[in-house]
Amino acid sequence: MNWNWKSPLQWKVSLLFAVLLAGGLWAVWEGKGPQGDFPGALFLIVLLAFAAIIWIALERLLIQPLNEMTGVVEKFTEGLFNWRVRLGIRRDELGRLGNELNRMAQAVGEKVDRLVKNLAETEALLGGMEEGVLILDLNGRIKNINRSMGVILPQTYPTDVGKHYLEVFRDPELNDLIQATLADKKGYRRSIAPLGQPGRTFQVQSSLVQYTENGAEGVIVVFHDVTDLKRLERVRQDFVANVSHELRTPLTAIKGYVEALRDGGLQDPVQAEQFLRVIQRHSERMDKIVSDLLLLSEMESADRILQIETVHIPELIRAAVETLRPLAVGKKQNLKVEDLEGLPTLRADGQKLHQVMINLLNNAISYTPEEGSITVEARPVSEGVEVSVMDNGIGIPPADLPRIFERFYRVDKGRSRELGGTGLGLSIVKHIVEAHGGQVRVESKPGKGSRFTFFLPR
């Protein structure tokens, strides 16, 4: 017999049994029990036996099943839906009630398991997203923040869940977006540059979300980092503008001299020859720009193909130096090559690396004054070879060094065009070296000269 002192039903049954017992005792005491064959004491014993049978029957048929169901329901309230009511085979109302409780526990348990699984998947999804995600209720209180939001808006923390968004965010643009979404009950999209992220731009999309479980509504705000896209867009716009400008200059000159020839310049052989030389020079400049653009486009392409062969670095350097030595001699410059012994051979695209040396040497010769000095040296390193081109020319200001390898970027735009440069040479150097798995760097001081060094792996 399982006695539960907290069961009101057991107390009521026990009280009924006590009343019945007291009534029997009182009847015997007063002499009102049955007369004849059954004396009062025997009547009392029969009465007690009958009451005990009733009490045991009530305990087994009613109290124990109810206690069993009460204990299981208490486990349900603790979230333990794997507990079941065990009443054996019963076809009465309590049996049906126990079966219904078991079916309810199974259904609720399965639903809770699904919710827990969905919650875990959602948390994993939010946590793994690069985009920042902010979820609020319709009162503006934060319900969830993923980890990326802590990077986008450094003032946010997981402990901010439950706070009003105005307590957490100090960005007017973001707060205006959230306020408009809450007020109008519809989504918005805006570009926002957060105060805590100078130089970065985010495409922020807000939308209204409805939860199917309880019909509640909320607001979800997603932050997409579009800084690189904005930068690429600016690069594209600058590229188009620079190409247009670079091609327009020689085209304008060619058009002008052609018109001059047609207007009578052909009648003067000396003047005609001079005009034709100008036209040829500008045509060659256009051809150089187009060739450099095609080479740069090839190196930037994901499916570029390098013609890999065995390359001897000393031969490569000497061939490039000898190609440009007449240009250096014309400016009375001292172009020398340091000792190149002990350099390993490489597997690389020899023609592309020759272009790298030509571009660096041409750049050094162009920006080094007459009677200046240009030196080429190379040395083996643990993973490959480092080649350097040094000059004592005009140098590069520190502010320009981070952008020196950008397409069409010039430190001195006027002088660069005067020298015939396209503004693509160093950018081509960077892309060719990186296509071989190497790196290029520059060290320079204004008025002291520059040193360009590129590394090539074995």
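Use the structure listed above.
Below, the structure is looked at part by part. (Residues numbered from 1 in each chain as written. Predicted model: local features only at pLDDT ≥ 70, side-chain atom pairs only at ≥ 80, totals over all residues. Heavy atoms only, no water.)

**Let's talk about the sheet that holds strand E12 (residues 449-457)**
Here is step 1 of the chain: Ordered in space as E7-E9-E10-E12-E11, the five strands form an open sheet in which the pairing is mixed. Single-partner strands in this sheet number two, and they are strand E7 (334-337) and strand E11 (439-445). Here the strands of the sheet are splayed against their neighbours by 15° on average, with no regard to which way each runs.
Here is step 2 of the chain: As judged from the seven bridges shared by E11 and E12, these two strands associate in the antiparallel manner. Within E12, the position partnered with Glu-443 by the bridge is Arg-451.
Here is step 3 of the chain: Seen against the sheet, helix H9 (residues 313-330) touches E7, strand E9 (373-380) and strand E10 (384-391) and runs at an angle of roughly 170° to E7. (Pairing = 2+ DSSP bridges. Helix = DSSP H or I, 4+ residues; strand = E, 2+ residues; numbered from the N terminus. Axes fitted to C-alpha atoms, helices over the stretch in contact; angles between N-to-C directions. Contact = heavy atoms within 4.5 Å.)

**Thoughts on the packing of aromatic side chains**
Here is step 1 of the chain: Within the structure shown, the criterion is met by two aromatic pairs.
Here is step 2 of the chain: Consider the rings of Phe-405 and Phe-452, whose centres lie 6.2 Å apart with planes at 90°: the pair is edge-to-face. A residue pair is termed long-range when its members are at least 10 positions apart, and Phe-405 in the loop between E10 and helix H11 (413-418) and Phe-452 in strand E12 qualify at 47 residues. The residues Phe-405 and Phe-452 share a single accessibility class, namely buried.
Here is step 3 of the chain: Geometry around Tyr-188 places Arg-190 over its ring, the cationic atom sitting 5.9 Å from the centre. (Phe/Tyr/Trp six-rings, centres within 6.5 Å; stacked < 30°, edge-to-face > 60°. Buried < 20%, exposed > 50% of the residue type's maximum accessible area, 1.4 Å probe, protein only. Lys NZ or Arg CZ within 6 Å of the ring centre and 35° of its normal.)

**Comments concerning the sheet that holds strand E3 (residues 188-192)**
Here is step 1 of the chain: Read from one edge to the other, the open sheet built from five strands follows the order E2-E1-E5-E4-E3, with strand pairing classed as antiparallel. Every other strand in the sheet has two partners, leaving strand E2 (142-145) and E3 as the edge strands with one partner each. Each adjacent strand pair in this sheet contributes to an overall mean axis angle of 20°, direction not counted.
Here is step 2 of the chain: Across five bridges, E3 lies against strand E4 (residues 202-210) in antiparallel orientation. Within the sheet, the bridge partner assigned to Ser-191 lies in E4 and is Gln-203.
Here is step 3 of the chain: Contacts between helix H6 (residues 172-184) and the sheet are confined to strand E1 (132-137), E3, E4 and strand E5 (217-225), with E3 contributing the most and set at about 175° to the helix.

**Notes on the side chain of Ser-444**
Here is step 1 of the chain: In this fold, Ser-444 is placed in strand E11.
Here is step 2 of the chain: By relative accessible area, which is 14% here, Ser-444 ends up buried.
Here is step 3 of the chain: Within the structure, Ser-444 has its side chain in polar contact with the backbone nitrogen of Ile-396 (distance 2.7 Å).
Here is step 4 of the chain: A polar side-chain atom of Ser-444 sits 2.8 Å from a polar atom in the side chain of Ser-450. (Polar contact = N/O pair within 3.5 Å; in protein donor to acceptor, adjacent residues only side chain to side chain.)

**Observations regarding unusual backbone geometry**
Here is step 1 of the chain: One non-glycine residue, Lys-185, lies in the positive phi region at around 55°.
Here is step 2 of the chain: In this structure, Lys-185 sits in the loop between H6 and E3.
Here is step 3 of the chain: The partly exposed category is assigned to Lys-185, whose relative accessible area is 44%.
Here is step 4 of the chain: Within the chain, Glu-371 stands out as a residue other than glycine whose phi angle is a positive 65°.
Here is step 5 of the chain: Residue placement: Glu-371 occurs in the loop between helix H10 (350-366) and E9.

**Focus: helix H12 (residues 425-435)**
Here is step 1 of the chain: Extensive coverage of H12 is indicated by the burial of eight of its eleven residues.
Here is step 2 of the chain: Residues of H12 that are buried include every one of Leu-426, Ser-427, Ile-428, Val-429, His-431, Ile-432, Val-433 and Ala-435, and no others.
Here is step 3 of the chain: Tucked inside the fold, the buried residues of H12 contact helix H8 (269-300), H10, E11 and E12.

**With respect to the packing of helix H7 (residues 227-262) against H8**
Here is step 1 of the chain: Their axes nearest at 9 Å, the elements H7 and H8 cross at an angle of 160°. Of the possible angle classes, the one that applies to H7 and H8 is roughly antiparallel. The handedness of the crossing between H7 and H8 is left-handed. Residue-level inspection shows Phe-239, Val-243, Glu-246, Leu-247, Pro-250, Leu-251, Ala-253, Ile-254, Tyr-257, Val-258, Ala-260 and Leu-261 of H7 in contact with H8, the latter providing Ala-272, Phe-275, Leu-276, Val-278, Ile-279, His-282, Ser-283, Arg-285, Met-286, Ile-289 and Leu-293. (Parallel < 35°, antiparallel > 145°, perpendicular 65-115°, else oblique. Left-handed = near helix turned anticlockwise from the far one by under 90°.)

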